[in-house]
Amino acid sequence: MRTGAEYLAALKDSREIYLDGERVQDVADHPAFAPIARTMAELFDLAADPSNGMTYRSPETGGEANLVFSIPRSREDLTARRHAIETWARHTHGWVGRSPDHVGSFISAFASSPESFVTDRRDLSSGVTAYHRRVLEESLYVSYAIIPPQVSRATTAHAWDGEFIQAGVVEERPDGIVVRGAQMLATGAAVADEIFISCIKPLTPDDRDFAVGFTVPVEADGLKLYCRRPYATAGSGYDYPLSTRYDETDALVVLDDVFVPWERVFVDRDVDGLRRQFFSTGAHVLGNWQAQIRFVVKLRFIAGLAGKIASVNGVDRIPGVQEKLGELAGLASLVESAVLAAEYKAEPDGNGMWRPNARAVYGAMGLQAELYPRVLAILRDLAGGGVLQLPSSVADLHDPAIRADIDRYVHSPGVEAVDRVKLFKLVWDAVGSEFAGRHHQYEMFYAGAPFVAKGYAYRNFGYPEAVADVEAFLAGYTDTAA
Ligand SMILES: Cc1cc2nc3c(=O)[nH]c(=O)nc-3n(C[C@H](O)[C@H](O)[C@H](O)COP(=O)(O)OP(=O)(O)OC[C@H]3O[C@@H](n4cnc5c(N)ncnc54)[C@H](O)[C@@H]3O)c2cc1C
């Protein structure tokens, strides 16, 4: 199994990443990326250590592999998969959304359903299963960019001014396709091995050239990443404990005539094929189940933060405060229950892959855009001004005169200033820093805009049965009934 050191060594390639007007020379050493690369390396080391129970013998390769990349073929497999995902999520307390298990889950489901990649024009199924084998054998970290650039949502790519704004096929060659254009955002791509590029937003028949699904190495010729401003460099690890460990560096992906060989192409100019890829295979529900497993770990961490500050501030026995903590507990427990219900009600599909129950997964996902802001609001409420009654940085604590005042005025009963400041700096990094703001946006949008996520919940709820139940009830009495 791949170790953290092997992963870090693999990042030393010719990838083209831009930040603040300059090309990043060595992503693993750069202050904006080194922290998240180190975190990812820790995840690989965790998985490689047999004592953590994350490995299994893969039927696809015959060798040891990471459970997070497995195709679940029984309920027990799903449970083992969840435990492995939780082990990784607990290591980052749920603050890393796009660890390799996210897109890895999509790839596993793709490979479980090879027929979804066969059309009259082309059979791309062997490339998909071979790619999954590579993910298993090499513990490949794949990120993805599956949303078109936010040019205009009034129309789709074919109607935009300018050719090939959204990534599409400009040329077909005997051995593959040439792709030009951009995709909106790839979280983690700067420190990933490869990127899966596709489109999950509905396209029209006129968008055929943009209806593709393929993978490229991050170092592919012509591929460029334009990263948003980094948060890892916000300050010290004491002042910004989350930003400095878990900033995942979202990036606009630009493809300047990138050549993609056929074995890396999963969908070739096929609008229906895009939907099959995500939905017929079960990839969308399996990938988003991973996201909810990770989300539960984060919610429990935030609940823990709230409980801790309530106790440090001496308000934890006040009934009104317990009510707020109770609401937080209820929200976290609901999502956790949805994750477990999805596993409990899972069923095998036609290919024998056990799919987490869609109603449970999408029910939780559909609420996320309201749930996460509410969770943050409770944490903010309980924190009060404590997140601002703080020295500007750890440097203040190193000045004896300032330190004396901080020690005197910023402590709590039984909690020294240095520990109180540490706690409230962590809370600020969760609710108020630039990293926190990005996470707020992330939890609202990572699975699609809120109206899209609610659409999944709507379609998978079983409204026909619920409405039929009401109709049957209505049919059971009349205006003449006593
Ligand atoms: C932090 C972060 C990380 C991300 N990481 C990734 C990643 O790793 N890979 C990836 O592929 N994508 C990623 N995304 C992109 C994400 O998938 C998109 O943001 C998401 O799909 C929503 O698309 P959009 O942002 O273009 O919003 P839009 O589609 O432009 O929607 C924005 C808002 O406009 C309104 N709206 C737009 N269209 C309609 C409509 N038809 N009906 C009603 N209202 C409408 C709604 O209010 C909606 O909330 C990430 C996003 C964020 C914020």
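The paragraphs below set out a description of the structure included in this document. Bear in mind the structure is a predicted one, so any value in this text is a computation, not a measurement.

Each helix and strand in the protein was counted, giving 16 helices and 14 strands. Since a compact globule built from 482 residues should have a radius of gyration of about 23 Å, the 24 Å found for the protein is in line with a globular shape. The dimensions of the protein, computed from C-alpha atoms along their principal axes, are 80 × 75 × 50 Å. A buried classification covers 54% of the 482 residues belonging to the protein. Taking all contacts inside the protein whose residues are at least 6 apart in sequence as the whole, residues at least 24 apart take part in 75%. Accessible surface for the protein amounts to roughly 20500 Å². Of this, 53% is attributable to carbon and sulfur atoms. Taking the 48 positively charged and 65 negatively charged side chains of the protein as two groups, their mean positions are separated by 3 Å.

This paragraph deals with the sheet that holds strand β6 (residues 168-173). With mixed pairing, the 6 strands of this open sheet are ordered in space as β2-β1-β10-β11-β7-β6. Unpaired on one side and paired on the other, β2 (22-23) and β6 mark the two borders of the sheet. As paired strands, strand β1 (residues 16-19) and strand β10 (residues 223-227) are joined by 3 bridges and run parallel to one another. Opposite Y18, over in β10, you have Y226 as the bridge partner.

Moving on, we get to the site of the ligand. Neighbouring the ligand are 22 residues; R98, I146, R153, T187 and K201 lie closest to it. R153 is positioned such that a nitrogen or oxygen atom in its side chain is 2.5 Å from an oxygen atom of the ligand. L185 is positioned such that a nitrogen or oxygen atom in its backbone is 2.9 Å from a nitrogen atom of the ligand. Element by element, the count of residues in the shell around the ligand is highest for helix α14 (residues 434-445), at 4 residues. A per-class count over the shell around the ligand returns 13 nonpolar, 4 polar and 5 charged.

Thresholds, definitions, all that
- Residues numbered from 1 in each chain as written.
- Predicted model: local features only at pLDDT ≥ 70, side-chain atom pairs only at ≥ 80, totals over all residues.
- Heavy atoms only, no water.
- Helix = DSSP H or I, 4+ residues; strand = E, 2+ residues; numbered from the N terminus.
- Rg over C-alpha atoms; globule rule 2.2 N^0.38 Å.
- Buried < 20%, exposed > 50% of the residue type's maximum accessible area, 1.4 Å probe, protein only.
- Contact = heavy atoms within 4.5 Å.
- Areas by Shrake-Rupley, 256 points an atom, 1.4 Å probe, with all protein chains shown as cover.
- Lys, Arg positive; Asp, Glu negative; His and termini not counted.
- Charge placed at Lys NZ, Arg CZ, Asp CG, Glu CD.
- Pairing = 2+ DSSP bridges.
- Near = heavy atom within 4 Å.
- Polar contact = N/O pair within 3.5 Å; in protein donor to acceptor, adjacent residues only side chain to side chain.
- Nonpolar A, V, L, I, M, F, W, Y, C, P; charged D, E, K, R; others polar.

Purely spatial values, then, with no claim about function.
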